[in-house]
Amino acid sequence: MMKSKHLIIFAFIFTILAAGCMKSDDYLPEEEETKSMDDLIIPSGFSFKSTKEIDVEINMPAALNFIELRSRFDIYTKDPAEGGQLINSGSFDKDGNFNGTIKVPSMLSEIYISTIAGDANLSLYANGLKSGGVIIDFGDDYGYLPPDTIEPSALKSYSYHLNKLKASNEGVNIIGNGDFSNNDLGSVHYWTENISVDQKWYFTTYRSQMEWVAEDGNGMMKTPTTASGNNFVGGTMQLIEAAPGDVVTLSADIKSSGNNSRLYSWIYLIPLNSNGNALAYYNVTYYYPLSEWTRKTIAASMPNGTVSCKVLLWANDYTANSAVYFDNIVVTGPVTDADGDGVSDDDDDYPNDADRAFNIYYPNESTMGSFAFEDNWPGKGDYDFNDLVVDYQYKQVVNSSNELVDLQADFKFKASGATFLNGFGFQMGLEPTDIASVTGTSLLNGYINTLGNGSESGQDKGTIIVTDNVFNQIPNPGGGIGTNTSLSATYIDPVTLTINMSTTNPVSLSVVGTPPYNPFIIVNADRGREVHLSDQEPTSLANSQYFGTEHDDSNIANGKYYKTQNNLPWGIETPTPFDYPVEKAAIINAHLKFANWAESGGDTYSDWYQNLTGYRNSGNIFPIPN
């Protein structure tokens, strides 16, 4: 009896010590460790997408003429000054509008849009938005009346932050003394008076006068500090040369001090004719400027008859012991378009090629995403999602009409936990005849037939088989299953194949589709045995006799493809490089939030693949050697 008691005590102590030695991220709650993939209850319409498509509508101000100028917009994951990544670029139609679709990570909560007319930071969760679309009208912030007629009480409220123009888009500054480092300033009675093109700022004096001040050696303009009962209305201006059709952009930093409740500011572009008369008034307001510097931008096409343009900084200050400040004025003048495609050289990724204008990256310009497949279809696999793991990055090259001209796609093959000889490819929305050439593929095993352009023959849509046997890229090192999934086997460095495709004629992106298009694997050199991501259609060469057999529950009439009866997938995509499970470790026992994400239909833990506290059992994830 005493011996039993000692054994019980020893066992208890050993259990505590063993638990104490366990890493925190290796600890699995009992319900997560024992739960299998077959236990998951997944909504029928869920397609296991870690991305979402967002319809984007961008409308430019009436002040800009897009008959000749295409201009450019860029879309980032967030403010590029804060590390945002470029995910889309394009141009506007002749009416100054853009309508298109972008694909972004589901966990992304905002996008940042940069244009010639300013920038906007937009929430993707406004009014409960998780997918759908966003609309941005830059013209909402534009005015067309002179300073005399603008009433601060008539200003509209603004729901998003605009006009934080990034410096790389500002070009060569044609304004003089834009940083106000030189305290050599002229004066006029009122803003309508004539001044010369002399790189010099002129104060208005009819109701007091702005002041030049220096803070820590940095010169700037400010409204005079007024006493109670007094007020200031006026500004400072400079004249630049301009001609009809010129696109002039003005950007300025603005802030306030004191009580901003009755402080109002404007920046103006006022084109003049040969008699010095104003032809138009283009302005952006900044109501109640904050105490932190905020960038504001106005852009306008100069009308017929223009010979010069006034750059005017204007303010109404009705608050005692308060002030409006202006600094870092940048004005860019006529654009240069060497190739005549309507996109200025500064905005054009290909300034000397009229057939190409912008690069569009997916998932973004600097990182890759991943595909991960199970290859036992139509039978269920072990759900370790490492039978083929390939990282990807797409670069679409489009012209100034947002049509696809070239495609570069990098595929980094990093794991194949399989005994099958699997191939990999993808299908786009264009027709095979739209493809002029495809290079960079690895087709060595003799079961893929191609057209003269390098795309696969027998397809109704353009299909590119990247490799017909991934073991040609990452061969099995001997020992263990496949490559880079067994801890005891030698690690094989990933191999990247770069596919280059060109079109016979430019093709609309709405036809081509959005990357990563429709990726799939070909199982064990059986051309008809394709495995796609959930609810992605098979290609023309898929063998339909596999559907509905074993564990496959595809329902073509309902658009259900490549799912089991309880909606489990055979393939997944992540918009970042996937840290995949080791051999035979189910994904739910490696990525601990995957089950929550799947059972919620994507509503929770949309970032399940991230390396966050409590998200992983690191012992079940394959460690990549340094």
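Please read these numbers as outputs of a predicted model, since none were measured by experiment.

A closer look at the overall build of the chain
Then comes step 1: In terms of regular secondary structure, the chain is built from four helices and 30 strands.
Then comes step 2: The buried share of the chain, reckoned over its 626 residues, is 54%.
Then comes step 3: Surface exposure of the chain reaches about 25900 Å², of which carbon and sulfur atoms provide 48%.

Quick notes on the pattern of salt bridges
Then comes step 1: Tallying each qualifying case throughout the model produces 18 salt bridges.
Then comes step 2: Here Lys-94 ties to Asp-95 by a salt bridge, and the two come within 3.7 Å at their closest N and O atoms. One exposure class covers both Lys-94 and Asp-95, and it is exposed.
Then comes step 3: Here Asp-406 makes a salt bridge to Arg-356, at a shortest N to O gap of 2.5 Å. Of this pair, Asp-406 sits in strand β23 (residues 403–415) while Arg-356 sits in the loop between β19 (323–332) and β20 (358–362), and the two are 50 residues apart along the sequence.
Then comes step 4: With relative accessibility at 22%, the residue Arg-356 sits in the partly exposed group.
Then comes step 5: The network of salt bridges with common partners includes Arg-72, Asp-74 and Asp-349.

Description of the pairing of strand β14 (residues 247–257)
Then comes step 1: Burial of β14 is extensive: ten of the eleven residues sit out of reach of the surface.
Then comes step 2: Note: β14 against strand β17 (residues 294–301), eight bridges, orientation antiparallel. Paired with Ala-252 across the two strands is Lys-296, which belongs to β17.
Then comes step 3: In this sheet, β19 lies alongside β14 in antiparallel orientation, the contact comprising eight bridges. Among the inter-strand pairings, Ile-254 is bridged to a residue of β19, identified as Phe-326.

As for the environment of Ser-554
Then comes step 1: Take Ser-554: it is sitting in the loop between β29 (530–532) and β30 (571–574).
Then comes step 2: Take Ser-554: its relative accessible area is 16%, and that puts it in the buried class.
Then comes step 3: The spacing of Ser-554 and Gln-565 is eleven residues in sequence and 8.4 Å in space, taken between C-alpha atoms.
Then comes step 4: What Ser-554 contacts, discounting residues up to four positions off in sequence, is Phe-547, Lys-560, Tyr-561, Tyr-562 and Lys-563.
Then comes step 5: At 2.9 Å, the side chain of Ser-554 forms a polar contact with the side chain of Asp-552.

Observations regarding the sheet that holds strand β3 (residues 86–90)
Then comes step 1: Strands sit in the order β3-β2-β5-β6 across an open sheet of four strands; the sheet is antiparallel. On the outer flanks of this sheet lie β3 and β6 (118–123), each paired with one strand and no other. Ignoring which end each strand starts from, the neighbouring axes of this sheet average 15 degrees apart.
Then comes step 2: The pairing of strand β5 (residues 110–115) with β6 spans six bridges and is classified as antiparallel. Along β6, the bridge assignment pairs Ile-113 with Ala-120.

Some remarks on the nonpolar core
Then comes step 1: Grouped together as the largest cluster of nonpolar side chains are 60 residues, with contacts concentrated most on Ile-58, Met-60, Ile-111, Ile-113, Ile-267, Leu-269 and Phe-326.
Then comes step 2: The greatest single-element share of this core, amounting to five residues, is contributed by β14.
Then comes step 3: Among residues more than four places away in sequence, those in contact with Met-60 are Phe-66, Phe-92, Gly-96, Asn-97, Thr-115, Ile-116, Ala-117, Phe-138 and Gly-139.
Then comes step 4: Tyr-362, Phe-373, Ala-409 and Phe-413 belong to the second-largest nonpolar core, a separate cluster that totals 38 residues.

Considerations on the side chain of Asp-384
Then comes step 1: In this structure, Asp-384 sits in the loop between β21 (369–373) and β22 (388–398).
Then comes step 2: Buried charge without a salt bridge: Asp-384, with Lys-584 as the nearest opposite-charge side chain at an N-O distance of 5.7 Å.
Then comes step 3: Within the structure, the side chain of Asp-384 is placed 3.1 Å from the backbone nitrogen of Lys-584, a separation counted as a polar contact.
Then comes step 4: For Asp-384, the contacting residues outside a window of four places in its chain are Glu-374, Pro-581, Val-582, Glu-583, Lys-584, Ala-585, Ala-586 and Ile-587.

Things to note about the confidence of the model for the chain
Then comes step 1: Summarising the model, the chain shows a mean pLDDT of 89, and 90% of its residues fall at 70 or more.
Then comes step 2: Contacts from residues 127–131, a stretch scored under 50 in pLDDT, to residues over four places away or in other chains number nine contacts.

Notes on the packing of aromatic side chains
What describes a pair of aromatic rings is the distance from one ring centre to the other and the angle between the planes of the rings.
Then comes step 1: Here the structure, examined in full by the defined rule, presents 42 aromatic pairs.
Then comes step 2: Relative to Trp-608, the ring of Phe-578 has its centre 6.1 Å away and its plane inclined at 70 degrees; by these criteria the two rings are edge-to-face. Of this pair, Phe-578 sits in the loop between β30 and α4 (594–599) while Trp-608 sits in the segment after α4, and the two are 30 residues apart along the sequence. Accessibility classification places Phe-578 together with Trp-608 in one group, the buried group.
Then comes step 3: Linked through ring pairs, Tyr-362, Phe-371, Tyr-392, Tyr-394, Phe-411, Phe-413, Phe-424, Phe-426 and Tyr-517 together constitute an aromatic cluster.
Then comes step 4: Its guanidinium or amino end placed over the ring of Tyr-325, Lys-255 lies 5.1 Å from that ring's centre, counting from NZ or CZ.
Then comes step 5: Sitting above the plane of the Tyr-286 ring, Lys-296 keeps its charged end 4.9 Å from the centroid.

With respect to the side chain of Ser-400
Then comes step 1: Mapped onto the elements, Ser-400 comes out in the loop between β22 and β23.
Then comes step 2: The exposure class of Ser-400 is buried, given its relative accessible area of 9%.
Then comes step 3: Those residues within four positions of Ser-400 in sequence are excluded, and the remaining contacts are Arg-70, Ser-91, Asp-341, Val-343, Ala-357 and Phe-358.

Focus on the sheet that holds strand β15 (residues 263–272)
Then comes step 1: Taken in spatial order, the seven strands make up an open sheet running β8-β16-β15-β18-β13-β10-β9, and their pairing is mixed. Two strands in the sheet have a free side with no partner beyond their single neighbour: β8 (142–143) and β9 (186–188).
Then comes step 2: Note: β9 against strand β10 (residues 202–204), three bridges, orientation parallel. Paired with Val-188 across the bridge in β10 is Thr-204.

So, unusual backbone geometry
Then comes step 1: Here Trp-377 and Pro-378 are connected by a cis peptide whose omega angle stands at 5 degrees.
Then comes step 2: Among the structural elements, Pro-378 can be located in the loop between β21 and β22.
Then comes step 3: With omega at 5 degrees, the peptide bond leading from Pro-515 into Pro-516 counts as cis.
Then comes step 4: Mapped onto the secondary structure, Pro-516 falls in the loop between α3 (509–512) and β28 (518–522).

Rules behind the numbers
Within each chain, residue numbers correspond to sequence positions counted from 1 in written order. Totals for whole chains, interfaces and linings use all residues, but because this is a predicted model, local features are given only for residues with pLDDT of at least 70 and pairs of side-chain atoms are given and counted only at 80 or more. Heavy atoms throughout the structure, all of them, feed into the side-chain values; hydrogens and water do not. Each helix is a run of DSSP H or I of at least 4 residues and each strand a run of E of at least 2, with the numbering of both proceeding from the N terminus. Residue burial is assigned from relative accessible area. The probe radius is 1.4 Å, only protein chains are included, and a residue is buried under 20% of its type maximum, exposed over 50%, and partly exposed in between. Computed by Shrake-Rupley with a 1.4 Å probe, the accessible areas treat only the displayed protein chains as cover when residues are assessed. Every case where a carboxyl oxygen of Asp or Glu lies within 4 Å of a side-chain nitrogen of Lys or Arg is listed as a salt bridge. Only strands joined by at least two bridges in the DSSP assignment are considered to pair. It only takes one pair of heavy atoms within 4.5 Å for two residues to be counted as in contact. Side-chain atoms alone can form a polar contact between residues adjacent in sequence; in general such a contact is a pair of N or O atoms within 3.5 Å, and within protein one must be able to donate a hydrogen while the other accepts it. For helices, the fitted axis covers only the stretch in contact; all axes are lines through C-alpha atoms, and the angles between them, taken along N-to-C directions, range from 0 to 180 degrees. In plain words, nonpolar cores are sets of buried Ala, Val, Leu, Ile, Met, Phe, Trp, Tyr and Cys residues tied together by side-chain atoms within 4.5 Å. Counted as positive: Lys and Arg. Counted as negative: Asp and Glu, with His and the chain ends omitted from the count. For every residue, the predictor assigns a confidence score, pLDDT, that lies between 0 and 100. The aromatic pairing rule takes the rings of Phe, Tyr and Trp, using the six-membered ring of Trp, and pairs them if the centres are within 6.5 Å, calling planes under 30 degrees apart stacked, those over 60 edge-to-face and the rest tilted. For a Lys NZ or an Arg CZ to count as sitting over a ring, it must be within 6 Å of the ring centre and within 35 degrees of the ring normal.

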